[in-house]
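Structural description and commentary
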Amino acid sequence: MSPILYAATGAVLVGIGVFGLLARTHLLRRILAFNVIGSGIFLAFGGLGSRGPGSGVDPVPQAIVITGIVVALAATALAVTLVTRLFEETGAVTLPGEHPAEGPDAS
Amino acid sequence: MTAALVFDLSLCLLIAAVALAAVLADDLFTAIVLFIVYGLLAAIAWVRLDAIDVALAEAAIGAGLTGLLLVGAAARLGGRGAPPAAGRTPWRLLGKAAPAALCVAAAAALVVLVLALPDDAPGLRPLVAETIAASGVTNPVTAVLLNFRGYDTLLETIVLAVALVGVWSLTPDRDWGSVPGARQHARPDGVLATFGRLLPALGLLVAAHLLWAGADAPGGAFQAGTVLAAVWLVVVMAGVLPAPATADTRVRLLLVAGPAAFLGFGAVGAAGGVFLGHPAGAAKATILAIETALTLSIAATLGLLVLGVPRRPA
Amino acid sequence: MAAASTFLRRLALLAGVWLVLTENQPSAWLVGALAAGAGAAISLRLLPPQQRRVRLARVLRLAPGFVGGSLLGGIDVARRVFQPRMPLDPGWLSYRTRLPAGAPRVALGAEISLMPGTLAAGMHGDLLHVHCLDRRLPVAAFIAHEEARIARSIGVAPDPTDG
Amino acid sequence: MILDIATLVLASAGVVFFIAGTLGLLRFPDVYARLHALTKADNLGLGLIALGLVLQAGNVWQALKIVLVWLLAIFAAATVSQLIARSALVQRSSSPAARDS
């Protein structure tokens, strides 16, 4: 039961992350939300990989998730650098056409 | 309900709640701290799934280094994360309600899908268990990473290098090849500097242990490389050693040493008939050699990725 | 010569840590020797041999007081947290230390941060800024006591006129 | 059996101190007081749990390893709490809100 529980949690995390990606405009928050989506997918993958007889996660998804975590960090580093450069060049922390001051939770 | 199930349920609820709080938090710094907490809780989830290798990677990379990246960027952006004082109007609320409803629906559909999957999926576990004797190591995750699916790992190390090239390519022209990261102001005999002088020897041992243990137990090149990168970042931030200039040839050689060694062994394998195939009998020695080179390159790449674009002269 | 003996002592210490990490598996000895050697070399580069030799035995003699202190520190803070009225009287204290700069001062800061009611918050010159959870506690005398213990452990004569 | 009970008692006591640390984080008035709660109560809590686990260790090396983990955690906590306290102090003294002590 428990592995499926974690897989379902992963699915919920994907929903939370997508909401963050849609509703927040600050680019660092979008990066954060994107990471929540990613780790939700990993957790779903790991949980599904633990089904069936025997204990522990299937080593193949485990290895791929480790690869995924490292690649997610690489993508995050690149994205964060893009945001800081954008800020240094233009002073903006949101994409053009999106306003940072659209509500209390839009920062 | 058993105690274990109660624990799992509470942990899952907590993970989802903290993730939601990280997305909704008003203050950017609060959001990032919540994200780090979320990463650590996710690491506990991986422990519960018996995936210690992933738990180590999630705690060190997912929570630690990602958190450090976000904190550093938030600091560089200054107060540009502060919530505006304007109140929430119903119109704006409606604007948020639509994506919220969409996301709840999507998450619910995903959960239904996950629950609908058959419960008896052996996956690739039997196959790995069958062939692990030939892989040279007894930790199945390391066997998959360095042997059965070695090409994944090879490409991944190249992705890391490419990401670093991407970060460096955002350097303003005048700073090209200079030193990355902010200038540090830690006092030479202060708390952080002393920590930075005492920590590296211990960190090196822990990394070596993770690397060595990775053959037969949780651990390996990625976890060891992350520990080394973290220790190195502490040393740099403490002002004990300066960050290197990105034009330094030794730095660049270090960055490609791991992928190059991996490719080299792969080519030797290709000469023997299988690209990335390890010579029979010497698989463990080969894997340890590749992993050592990989660890050093991963540590250098991760550390430099966190330091970001070059921005001051050497 | 000093460098060589320092290197050997650190090598031995790190080798001990390695044995603990690997739970003394003989198959790890070779890797451990390499790692401990590299660790000792790095530590020699980052932290050159000190003039005052730190005696491990003397430092170990600090341990019981340290463990006792952090036990009291934990109990003290828990007691305050669990009381509905939360008896706090926070304030600041600047303590002039006579310990030599570097590790001894850092050790003092770390130690008092784990003991009841005191938290080190950085130094300005010889002044150690200490945050006190309860000013009614005899904090200054307490820090002086810890300072004297650390001074003895690194072979610096304690100074009774401290404070 | 006696060892198991001792482990249970020590670990439970450890959890109580972790709760105290968390409660302190929520109840205490400012960043410095919260640091007191976190460093002291959580270190003691971790120490008690570590001690409880030492009693379950299969051999002396495992026991030493648990102690080593505890020592490293204390080393890091003592360092980090000083750094946070100092940086909070620097921020406050450089802000126009001036020093209130």
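Remember, predicted model here, so these are calculated numbers, not experimental data. (Residues numbered from 1 in each chain as written. Chains lettered and ligands numbered in written order. Predicted model: local features only at pLDDT ≥ 70, side-chain atom pairs only at ≥ 80, totals over all residues. Heavy atoms only, no water.)

What follows deals with the pattern of salt bridges. Charged atoms that come close allow side chains of opposite charge to pair. Residue and element names in this part refer to chain C. Here the structure, examined in full by the defined rule, presents 15 salt bridges over all chains. Residues Asp 76 and Arg 80 are paired through a salt bridge, measuring 3.1 Å at the closest nitrogen-oxygen approach. Placement of the pair is Asp 76 and Arg 80 together in helix H3 (residues 56–82), with a separation of four residues, close to one helical turn. Arg 80 gets classed as buried once you look at its relative accessible area, which sits at 2%. For Asp 126, the salt bridge goes to Arg 105, with nearest N and O atoms at 2.8 Å. Taken together, the residues Asp 126 in the loop between strand E2 (118–124) and strand E3 (127–132) and Arg 105 in helix H4 (residues 103–114) connect sequence positions 21 residues apart. For Asp 126, a relative accessible area of 34% translates into the label partly exposed. Look at Arg 105 and you get buried, because its relative accessible area is 14%. (Salt bridge = Lys/Arg side-chain N within 4 Å of Asp/Glu carboxyl O. Helix = DSSP H or I, 4+ residues; strand = E, 2+ residues; numbered from the N terminus. Buried < 20%, exposed > 50% of the residue type's maximum accessible area, 1.4 Å probe, protein only.)

For the rest of this paragraph, the subject is the interface of chain A and chain B. Counting residues at the interface gives 78 residues for chain A and 91 residues for chain B. For the chain A and chain B pair, buried surface summed over both sides reaches about 7300 Å², with 75% attributable to carbon and sulfur atoms. Sorting the residues of chain A by area buried against chain B places Tyr6(A), Arg51(A) and Leu73(A) first, and these three jointly supply 10% of that buried surface. Linking chain A with chain B are one salt bridge. A salt bridge links Glu88(A) to Arg311(B); the nearest nitrogen and oxygen atoms lie 3.1 Å apart. The interface formed by chain A and chain B contains 11 residue pairs in polar contact (both at pLDDT 80 or more). Listing elements by their share of the side of chain A that touches chain B, those giving two or more residues are helix H1 (2–23), helix H2 (27–48) and helix H3 (59–90) of chain A. Looking at the side of chain A that touches chain B, the element that brings in the most residues is H3(A), giving 24 residues. Partitioned by chemical class, the residues of the side of chain A that touches chain B number 46 nonpolar, 24 polar and eight charged. (Contact = heavy atoms within 4.5 Å. Buried area = accessible area lost by both parts, 1.4 Å probe. Polar contact = N/O pair within 3.5 Å; in protein donor to acceptor, adjacent residues only side chain to side chain. Nonpolar A, V, L, I, M, F, W, Y, C, P; charged D, E, K, R; others polar.)

This part is about the sheet that holds E2(C). Residues and elements named next belong to chain C. Pairing is antiparallel in the open sheet, where three strands are placed in the order E1-E3-E2. The open sheet terminates on both sides in strands that have one partner only, identified here as strand E1 (91–96) and E2. Geometrically, the sheet is characterised by an average inter-axis angle of 25° between neighbouring strands, direction not taken into account. Summarising the sheet, E1 and E3 pair through six bridges and their orientation is antiparallel. (Pairing = 2+ DSSP bridges. Axes fitted to C-alpha atoms, helices over the stretch in contact; angles between N-to-C directions.)

A few words now on the domain arrangement of chain B. All names here are of chain B. Under the domain assignment used here, chain B contains domain 1 (1–80), domain 2 (89–121) and domain 3 (123–314). Look at where the C-alpha atoms of domain 1 and domain 3 centre, and you get two points 24 Å apart. Of the residues lining the interface, 10 residues belong to domain 1; the matching set on domain 3 comes to 15 residues. Summed over both sides, the interface between domain 1 and domain 3 buries roughly 1000 Å², with carbon and sulfur atoms accounting for 73% of that surface. Together, Asp 53, Leu 65 and Arg 76 form the three largest contributors to the area buried by domain 1 at its contact with domain 3, with a combined 51%. (Domains from an automatic or database assignment.)

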